[in-house]
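If you want the building blocks of each chain, they are given just below.
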Amino acid sequence: MTVIKERAVEMIQRMPEENMLYVMNILQNLEAMSADKEKDKQKAETALKNILEMEKRLPEDFDPEKELQEARMENCV
């Protein structure tokens, strides 16, 4: 166990029993945040893979700036 974890355990052991509900709530929230980060990372990786797949479908001479300019002109008319 790391020194930081040991210190955390010592702090928890010194706390009164009536505060344990708060400690548990904090720990559960931290655990959920860690799980959310992993889900977010997986979503980001999937999104990147999708973008890279779409990029392969574009023609060789695709010019995003030209496409954007043309789209803006269409909306102005």
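Keep in mind it's a predicted model, so treat the numbers as computed, not measured.

**As for the overall build of the protein**
And then number 1: Each helix and strand in the protein was counted, giving three helices and zero strands.
And then number 2: What you see in the protein, going N to C, is helices and strands ordered as α-α-α.
And then number 3: Taken over C-alpha atoms, the radius of gyration comes to 26 Å for the protein, far larger than the 11 Å a tight globule of 77 residues would show.
And then number 4: Counting only C-alpha atoms and orienting by the principal axes, one finds that the protein spans roughly 70 × 30 × 15 Å.
And then number 5: For the protein, the residues scored as buried account for 3% of the 77 residues in total.

**Considerations on the environment of Glu10**
And then number 1: One can find Glu10 in helix H1 (residues 3-14).
And then number 2: Separated by 23 residues in sequence, Glu10 and Met33 have C-alpha atoms that sit 24 Å apart.

**What about the confidence of the model for the protein?**
And then number 1: Looking at the protein, pLDDT values average 87 and 99% of them are 70 or higher.
And then number 2: When the elements of the protein are averaged for pLDDT, helix H2 (residues 20-56) gives the smallest value, 86, and H1 the largest, 93.

**A look at a nonpolar patch on the surface**
And then number 1: A grouping of Ile12, Met24, Ile26, Leu27, Leu30 and Met33 is seen on the molecular surface, where their side chains present a nonpolar patch of about 540 Å² in accessible area.
And then number 2: Tallying contributions element by element places H2 first for the nonpolar patch, with five residues.
And then number 3: Position of Leu27 among the secondary structure elements: in helix H2.

Conventions adopted
Residues numbered from 1 in each chain as written. Predicted model: local features only at pLDDT ≥ 70, side-chain atom pairs only at ≥ 80, totals over all residues. Heavy atoms only, no water. Helix = DSSP H or I, 4+ residues; strand = E, 2+ residues; numbered from the N terminus. Rg over C-alpha atoms; globule rule 2.2 N^0.38 Å. Buried < 20%, exposed > 50% of the residue type's maximum accessible area, 1.4 Å probe, protein only. pLDDT = per-residue confidence, 0-100. Patch = residues over 30% accessible without salt bridge, like charges linked within 9 Å, V, L, I, M, F, W, Y side chains within 5 Å. Areas by Shrake-Rupley, 256 points an atom, 1.4 Å probe, with all protein chains shown as cover. Salt bridge = Lys/Arg side-chain N within 4 Å of Asp/Glu carboxyl O.

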